Amino acid sequence: MNAEGSSNERVLWGFGSVAVVVYALIPVVWILSLSLKPSADLNDNRFFPRAVSFDHYRTIFQDIQFPAALWNSVGIATLSSLLAVTLGMFAAYAIVRLRFPGRRLVLGAALSIAIFPPIAIIGPLFDLWRAVGLFDTWAGLVLPYMTFTLPLAIWSLSAFFREIPWDLEKAARMDGATPFQAFSRVIAPLAAPGVFTTSILVFIFAWNDFLFAASLTSTNNARTVPAAIAFFTGSSRFELPTGSIAAASVVVTVPIIMLVLVFQRRIVAGLTAGAVKG
Amino acid sequence: MAEIILDNVSKRFPGGTLALRNASFTIREGEFFIVVGPSGCGKSTVLNMIAGLDTVTEGEIRVDGKVVNDVDPKDRNMAMVFQSYAIYPHMTVRENIAFPLKLAKLSKDEITRRVEQAAATLELTELLERKPRALSGGQRQRVAMGRAIVREPVAFLLDEPLSNLDAKLRVQMRTEIARIQNRLGTTMVYVTHDQTEAMTLGDRVAVLCQGEVQQIGTPRELYEQPRNLFVAGFIGSPAMNFVPAEFNGDRIMLPMAELEPPETLRDCLSTRPRQLIAGIRPEQLHDAATGGIDRRYGPTFRATVDVTEWLGADLYVHFQVKDGRTPMVARVATGSSAAEGKELELWLDARRLHLFDSETGENIGVVRG
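The structure displayed is predicted, hence computed values, not measured ones.

Criteria and thresholds
Residues numbered from 1 in each chain as written. Chains lettered and ligands numbered in written order. Predicted model: local features only at pLDDT ≥ 70, side-chain atom pairs only at ≥ 80, totals over all residues. Heavy atoms only, no water. Pairing = 2+ DSSP bridges. Helix = DSSP H or I, 4+ residues; strand = E, 2+ residues; numbered from the N terminus. Axes fitted to C-alpha atoms, helices over the stretch in contact; angles between N-to-C directions. Contact = heavy atoms within 4.5 Å. Buried area = accessible area lost by both parts, 1.4 Å probe. Polar contact = N/O pair within 3.5 Å; in protein donor to acceptor, adjacent residues only side chain to side chain. Nonpolar A, V, L, I, M, F, W, Y, C, P; charged D, E, K, R; others polar. Expected span 1.5 Å × (residues − 1). Buried < 20%, exposed > 50% of the residue type's maximum accessible area, 1.4 Å probe, protein only. Patch = residues over 30% accessible without salt bridge, like charges linked within 9 Å, V, L, I, M, F, W, Y side chains within 5 Å. Areas by Shrake-Rupley, 256 points an atom, 1.4 Å probe, with all protein chains shown as cover. Salt bridge = Lys/Arg side-chain N within 4 Å of Asp/Glu carboxyl O. Lys, Arg positive; Asp, Glu negative; His and termini not counted. Charge placed at Lys NZ, Arg CZ, Asp CG, Glu CD. pLDDT = per-residue confidence, 0-100.

### With respect to the sheet that holds strand 6 (residues 78-81) of chain B
Residue and element names in this part refer to chain B.
Move 1: Spatially, six strands are ordered 6-7-8-3-9-10 in an open sheet, and the strand pairing comes out mixed. Only two strands of the sheet have a single neighbouring strand rather than two, namely strand 6 and strand 10 (212-217). On average, adjacent strands in this sheet sit at an angle of 15 degrees to one another, irrespective of strand direction.
Move 2: Here strand 7 (residues 155-159) pairs with strand 8 (residues 187-192) via five bridges, running parallel. What sits directly across from L158, in strand 8, is Y190.
Move 3: Sitting on the sheet, helix 4 (residues 137-149) touches strand 6 and strand 7, and the angle it makes with strand 6 is about 175 degrees.

### A word on the interface of chain A and chain B
Move 1: Counting from both sides, the interface comprises 24 residues of chain A and, opposite them, 28 residues of chain B.
Move 2: Together chain A and chain B conceal approximately 2,400 Å² of surface at their shared face, both sides included; 61% is due to carbon and sulfur atoms.
Move 3: The largest share of the area that chain A buries against chain B comes from M174, D175 and R185 of chain A, three residues that together contribute 31% of it.
Move 4: Between the two partners, chain A and chain B, sit eight residue pairs in polar contact (both at pLDDT 80 or more).
Move 5: Going through the elements one at a time, helix 7 (166-174) and helix 8 (179-190) of chain A are the ones with two or more residues in the side of chain A that touches chain B.
Move 6: The biggest single contributor to the side of chain A that touches chain B is helix 7 of chain A, with seven residues.
Move 7: Across the side of chain A that touches chain B, the residue classes tally to 12 nonpolar, six polar and six charged.

### A closer look at helix 12 (residues 242-264) of chain A
Move 1: When the terminal C-alpha atoms of helix 12 of chain A are compared, their 33 Å separation across 23 residues agrees well with the 33 Å that a helix rising 1.5 Å per residue should span.
Move 2: Within helix 12 of chain A, burial applies to G243, S244, A246, A247, A248, S249, V250, V251, V252 and I256 of chain A.

### Focus: unusual backbone geometry
Phi is mostly negative for residues that are not glycine, and the peptide bonds are mostly trans.
Residue and element names in this part refer to chain B.
Move 1: Geometrically, the link from S237 to P238 is a cis peptide bond, its omega value of -5 degrees lying close to zero.
Move 2: By secondary structure assignment, the location of P238 is in the loop between helix 8 (229-234) and strand 11 (241-247).
Move 3: Positive phi outside glycine occurs at E123, with the angle close to 55 degrees.
Move 4: Along the chain, E123 falls in the loop between helix 3 (108-121) and helix 4.
Move 5: Within the chain, E152 stands out as a residue other than glycine whose phi angle is a positive 50 degrees.
Move 6: Summarising the element assignment, E152 is placed in the loop between helix 4 and strand 7.
Move 7: Residue class for E152 comes out exposed when judged on its relative accessible area of 55%.

### Describing a positive patch on the surface
Move 1: On the surface, R185 of chain A together with K102, K105 and K108 of chain B cluster together into a patch of positive charge.
Move 2: Within the secondary structure layout, K105 of chain B lies in the loop between helix 2 (93-103) and helix 3.

### Things to note about the confidence of the model for chain A
Move 1: Here chain A averages 86 in pLDDT, and 91% of its residues register 70 or above.
Move 2: Across residues 270-274 of chain A, where pLDDT falls below 50, the model places 15 contacts with residues more than four positions away in sequence or in other chains.

### Some thoughts on helix 4 of chain B
Move 1: Between the first and last C-alpha of helix 4 of chain B there are 19 Å, a value that for 13 residues agrees with the 18 Å anticipated at 1.5 Å per step.
Move 2: Of all 13 residues in helix 4 of chain B, 11 are buried, a share of seventy percent or more.
Move 3: Those residues of helix 4 of chain B not exposed but buried are G138, R140, Q141, R142, V143, A144, M145, G146, R147, A148 and I149 of chain B.
Move 4: If you follow the buried residues of helix 4 of chain B, they end up packed against helix 7 of chain A together with strand 6, helix 2, helix 3, strand 7 and helix 5 (167-184) of chain B.

Laid out in structure tokens, this is it:
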């Protein structure tokens with residue numbers, strides 16, 4: 001390729017990237033703009049607000065419902081990702097490293113859970129949870145979230161484990177490590193990028209879920225933000241809570257963005273560089 | 001330091017492959033013991049079983065008299081260097097070398113002292129704070145060595161430690177390993193596919209082929225008295241020439257010449273005619289024109305030179321035997337006038353001729369003599 005061709009290429013790529021970013025960000029900017037408009041301006045048909053006001057944010061945090069939901073969301077999503085990733089890590093490690101009968105069965109079962117439509121079990125689950133007392137509790141949401149994200153965790157983590165040279169584990173065992181020490185001090189640190197990536201994916205799944213949250217909760221005890229937003233009301237029955245919904249949506253997006261930004265530096269490929277010859 | 005005994009050890013993998021069959025040998029205390037063989041011969045399996053990374057299917061492995069078949073690798077106090085080096089990429093060189101000591105729960109001061117000492121031995125002192133990815137291949141290799149020597153183990157196990165280095169560095173590290181072993185006097189088991197490494201490093205060498213121990217001995221014994229065709233062909237570079245031979249009860253007929261059986265082999269051959277394979281080392285073939293030949297000890301014959309390889313100190317002459325179509329190589333003095341496409345008169349020094357049974361492949365001079 002000559003210089004002209006490559007500069008053409010660069011322009012094309014640049015243009016394409018801008019187009020994609022704009023396409024993805026317009027709804028976000030729109031929500032942000034709505035959340036900052038004073039109530040009277042909500043229907044003014046303008047993309048950018050004429051005046052900026054933080055009234056909607058004040059409103060949602062004054063209501064006891066939203067802070068409770070936020071706390072539930074953070075707690076439930078964190079617990080779910082911790083559990084799913086911890087269990088997924090052990091399962092994935094066993095699948096990659098050990099030759100045990102039923103290896104394929106575990107992977108197959110995991111896959112079938114992943115493609116199982118959640119809507120199909122929501123009714124029975126509602127009855128069951130009410131019977132065993134899990135309805136409207138954190139555990140009642142953590143359990144299905146963990147179950148539905150575990151396959152994802154197992155599959156993506158086993159891909160990461162496969163990349164780690166087995167010699168490292170043998171070396172650790174020769175250096176005097178127990179099997180668990182070899183795992184925790186050598187293998188797990190090397191799988192860290194995979195663990196972070198998987199955690200974020202699981203966290204986002206739990207954070208965004210509406211179906212389970214709306215069906216399996218009824219009060220502020222366990223209702224998460226996506227469900228809580230649906231129960232927002234305006235200050236009078238003639239007013240739509242558009243502004244509050246927009247503000248709440250912005251607030252729930254922030255932790256996700258922070259999470260990705262914070263862990264982005266940890267999600268670097270090539271952490272194993274230098275382990276073996278090369 | 002330890003004496004390691006393999007007593008009738010076999011290894012069968014779950015798939016049914018027999019990786020090692022009835023191996024029995026003793027690795028003496030403080031010995032530099034080499035296990036050599038082509039790939040897939042089971043040599044790494046031997047090492048892994050001594051290390052405890054592979055289970056023993058049958059037989060016993062004893063270290064200093066104690067059976068270790070069921071001892072966990074971490075409790076065997078052996079250090080291993082892997083072909084891939086297997087240094088921990090998320091730790092600095094210092095942390096890598098200190099890792100076994102930390103696991104052994106040594107005091108901080110003791111760890112620092114020993115790490116610095118090992119680093120000084122291997123000239124790693126300036127690299128201690130680096131991460132493995134910033135090291136060259138040779139440096140990584142030294143880190144792997146450092147991690148092994150730092151813990152003062154009962155034995156070193158090295159699995160093809162030099163095969164990923166370039167030729168020059170390999171020779172350098174070879175000397176280094178020999179030096180370290182001499183100084184520490186620790187039992188060392190070294191696995192390699194490279195017969196040069198085996199010959200230059202080993203006190204004793206075990207030659208493996210297809211899961212069976214072919215011969216164990218000093219490099220000199222393997223070279224001068226190879227037990228069978230495999231060992232004869234594997235040890236030595238360029239490899240030994242093999243030509244079909246026929247013994248008619250009195251004389252040995254080779255494709256290029258006939259000769260009387262050399263004195264050393266006379267007792268091993270009865271008067272009964274038999275088919276044999278003759279083994280001739282390249283240095284047993286001399287250019288008849290350069291002198292120093294003695295027809296009492298072997299015949300001369302003429303051959304057409306295919307290719308010559310000049311190595312400075314040696315000249316390798318490749319040629320075909322007239323009627324046998326067997327390619328052969330001779331190592332002649334550099335003063336030889338051998339030229340490609342020309343005829344050359346060669347003298348075969350038969351005093352060190354090897355004769356192998358054409359069916360069993362056994363060296364009749366060694367096995368019966």
